[in-house]
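Next come the chains, spelled out residue by residue.
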Amino acid sequence: MNESQPFNSINGSGSFSGDLLSEFQFKHAPLLCGVAIATSIAFALNSISSKNSKRSKSNRSSGENNHRDRIKTRIHGKWYDLTNFEHPGGPVALSLTKGRDATALLESHHYFTSRNMLMKILSKYELPPKEAAELKTHDQRDDGSPYIWKNIDHDGFSSELRTLVNEYFSKLAKEKGISKTQATKATFGRWLTVLTLIGLFFASIPWLVQGQWAFLIITPVLGWLAICNYWHDSLHFSLSSNWRVNAYLPYLMPLISSPSMWYHQHVIGHHVYTNISNKDPDLAHAPQLMREHESIRWKKSHLNQKCLSRVLLVWSIAVGLGLQILNDVRALKKLSYNNVVAYDKPTKMQMAAHIAGRIIYILFAFAWPFALFPAWKAMIWATVPNVVFSLCFMINTQINHLVGHCAHAFDSNFFKHQIITAQNFGRDSAFCFYFSGGLNYQIEHHLFPTVNHCHLPALSPGVKKICKKYGVPYNSVSGYRQAIEEHFAHTAAMSVKPE
C-alpha cells in the first residue's frame, strides 16, 4: 500500500482515491478545531457558571442544605465565611480557599494591600468562635505552619519587596491612566504575541491532520509556545483584570492538564509551598521512577534515574500520560492531588463534565490519527506530537526548582522561601524568555504570581538588589545549558541511596 494513498478511490473499478482522503483531511481540519474549541469553552462555561449558580443559591439561603456550598476558610488561625464576599478577583480565585488554610494564598496574592486593611475587610466575615471550633480543613496537615507571618509587615526585606512592586506599577498605572491592578496584567504587546501564537498553532493543524511530516514537530512546538505564553498566566489570574477572561481562556487549549486540576496542583500546592515535603505536589509526580527530593523514599529503581534514557522516558510521557491522565485519575479517586492537596468531592455534574473533558482530550491528542491513517502512521502521529510537547514542558519546568541549591532550601519567611527555592536562567536572552513563556524569571514569578510575565524582566534588577542587601541568595544561571546540567547533576545525586 502506497504511503500517499492509504486508501484507494471509489471509481469505476470500485477503489478509493487518496486525493479524496487528503481533501477531506484538509477541508475538515478547521471544522475539527472549531468543534474542539467550542466544546472546551462550553465545558468551561458550564463548570464556572455552575459554581456561580451554586454560590448565588448559597447567598439566598442559610439553611443546613447549602452548608456544603459555603466558602469557609482559615486565615491566620481564624475561620471566615467568604460566601457572600464579592471578591475583586472573581469567584474562581475565591473558591480555591474553600476548606483549607488560605493564609499563604492570601498573602502572596495581595501585595498592594496592607495587612491591616486585609484583616479589616476579613473581619466582616469572621465566624463566631463556637462555630469555628467545629470546623476542620480538608487535610489536618494543612495547618499553615511552615511560615511565620507575625510582624512580616515590619520586616525590612518583605517591606522593600512590596515597595518595589507598588512603586513600579503605580508609575506604570499613572502613565497609562489605568488602575494598579490593570497595570500588572498583559500589555498590548503581550496580547499581540499570545494571539499570534494561538493563531499559528491552530493554523498548523490542517497540515498535521493532512499527514505532513514536518508538522509532527512544528505543531506541538507552536502549541507549547502558545500555552507557555498565556495559559500559565491566565490560571494565575495575571493575563487580564477581567476574571472571566482568566477563567475561560485556559479551556481553549488545555494541553498541559485540566485547568481545575492545575489550580490544585500548581496554584494551591506548588506555588504556596514550593519544595516543602507533604505540601508541594510537584515533588511526587512519579516516585516509582524518579526521586528529586529527600522526602521521597529511596528505591532500587532510582539507581537508574541518572541515565539519560530514564530521564527522557519520564519527560516524554509526563504530560500526555502523567498530568493529563494518571495524576488526574488518582486525584479524583483519592480526592487529593498527589496525596498532599485535598479538595471537595465533585458533584455529579462536575464529575461528568470533567470526565467528558478528559475523553475529549484523549480523542484529540491520541485517537484521531487512527481514523485517518494506516496503523503504523497513526502510531507515529499519536505519539510524536505528544512526546515533543511533553519534552518542551519538562525542559522548562524541572530546571527552575529541582537543582542542588534550591531543592531542599527553606526559610520561615514566605518571601525569602520563594526566592531561595527558585532559579532564574537566561535573564538577558529573548529566546529563553519566549520559549519558556517568562518562566526563566522564576524568582520574580513566585514572589508576584498575579503579575504577568511580561513585567518580570523590569522587576528583576530591583529584586536582585534587595536580595544582595539582605544576604538572600538570588539563584540565576546563564541559560538552558547550564540550568539543565545543574538539574541533571541534582537528579544523579538523588539516585544515591541515603546512608
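Quick caveat: nothing in here was measured; it's all calculated off a predicted structure.

(A) Up close: the pattern of salt bridges. Using the criterion set out here, one finds 8 salt bridges in the structure. In this structure, glutamate 131 engages lysine 72 in a salt bridge whose closest nitrogen and oxygen atoms are separated by 3.0 Å. Taken together, the residues span a long stretch of sequence, with glutamate 131 in helix α5 (residues 129–132) and lysine 72 in strand β1 (residues 72–75) at a distance of 59 residues. The class of glutamate 131 is partly exposed, set by a relative accessible area of 30%. Judged by its relative accessible area of 10%, lysine 72 falls in the buried class. Between lysine 469 and glutamate 160 there is a salt bridge whose closest N-O contact spans 2.6 Å. With lysine 469 in helix α19 (residues 456–470) and glutamate 160 in helix α6 (residues 156–176), the pair connects residues that are 309 residues apart, well separated along the chain.

(B) Summary view of the packing of aromatic side chains. One pass over the structure, following the stated rule, counts 30 aromatic pairs. With 4.9 Å between their ring centres and 75° between their planes, tryptophan 213 and tryptophan 381 make a pair best called edge-to-face. Here the residue tryptophan 213 occupies a position in the loop between α8 (188–210) and α9 (215–235), and tryptophan 381 occupies one in helix α15 (residues 375–397), the gap between them amounting to 168 residues. Summarising the aromatic geometry, the rings of phenylalanine 433 and tyrosine 441 are spaced 6.3 Å apart at their centres and angled 70° between planes, so their arrangement reads as edge-to-face.

(C) Quick look at the side chain of asparagine 400. Residue position: asparagine 400 is located in the loop between α15 and α16 (414–420). Once residues within four sequence positions are removed from consideration, asparagine 400 is found in contact with Thr421, Ala422, Gln423, Phe425, Leu439 and Gln442.

(D) Spotlight on the environment of valine 387. Note that valine 387 resides in helix α15. Classification of valine 387 by relative accessible area gives partly exposed; the value is 23%. For the pair valine 387 and glycine 320, spaced 67 residues apart in sequence, the C-alpha separation works out to 7.8 Å.

(E) Fine view of the pairing of β1. What you see with β1 is no split at all: Lys72 and Arg74 on one side and Thr73 and Ile75 on the other are buried throughout. With 4 bridges joining them, β1 and strand β2 (residues 78–81) adopt antiparallel strand pairing. Residue pairing across strands places arginine 74 opposite tryptophan 79, the latter belonging to β2. Between β1 and β2, which follow one another and run antiparallel, lie 2 residues, and histidine 76 among them has a positive phi close to 50°.

Rules behind the numbers
- Residues numbered from 1 in each chain as written.
- Predicted model: local features only at pLDDT ≥ 70, side-chain atom pairs only at ≥ 80, totals over all residues.
- Heavy atoms only, no water.
- Salt bridge = Lys/Arg side-chain N within 4 Å of Asp/Glu carboxyl O.
- Helix = DSSP H or I, 4+ residues; strand = E, 2+ residues; numbered from the N terminus.
- Buried < 20%, exposed > 50% of the residue type's maximum accessible area, 1.4 Å probe, protein only.
- Phe/Tyr/Trp six-rings, centres within 6.5 Å; stacked < 30°, edge-to-face > 60°.
- Contact = heavy atoms within 4.5 Å.
- Pairing = 2+ DSSP bridges.

The quantities given are spatial measurements derived from coordinates; they are silent on function.
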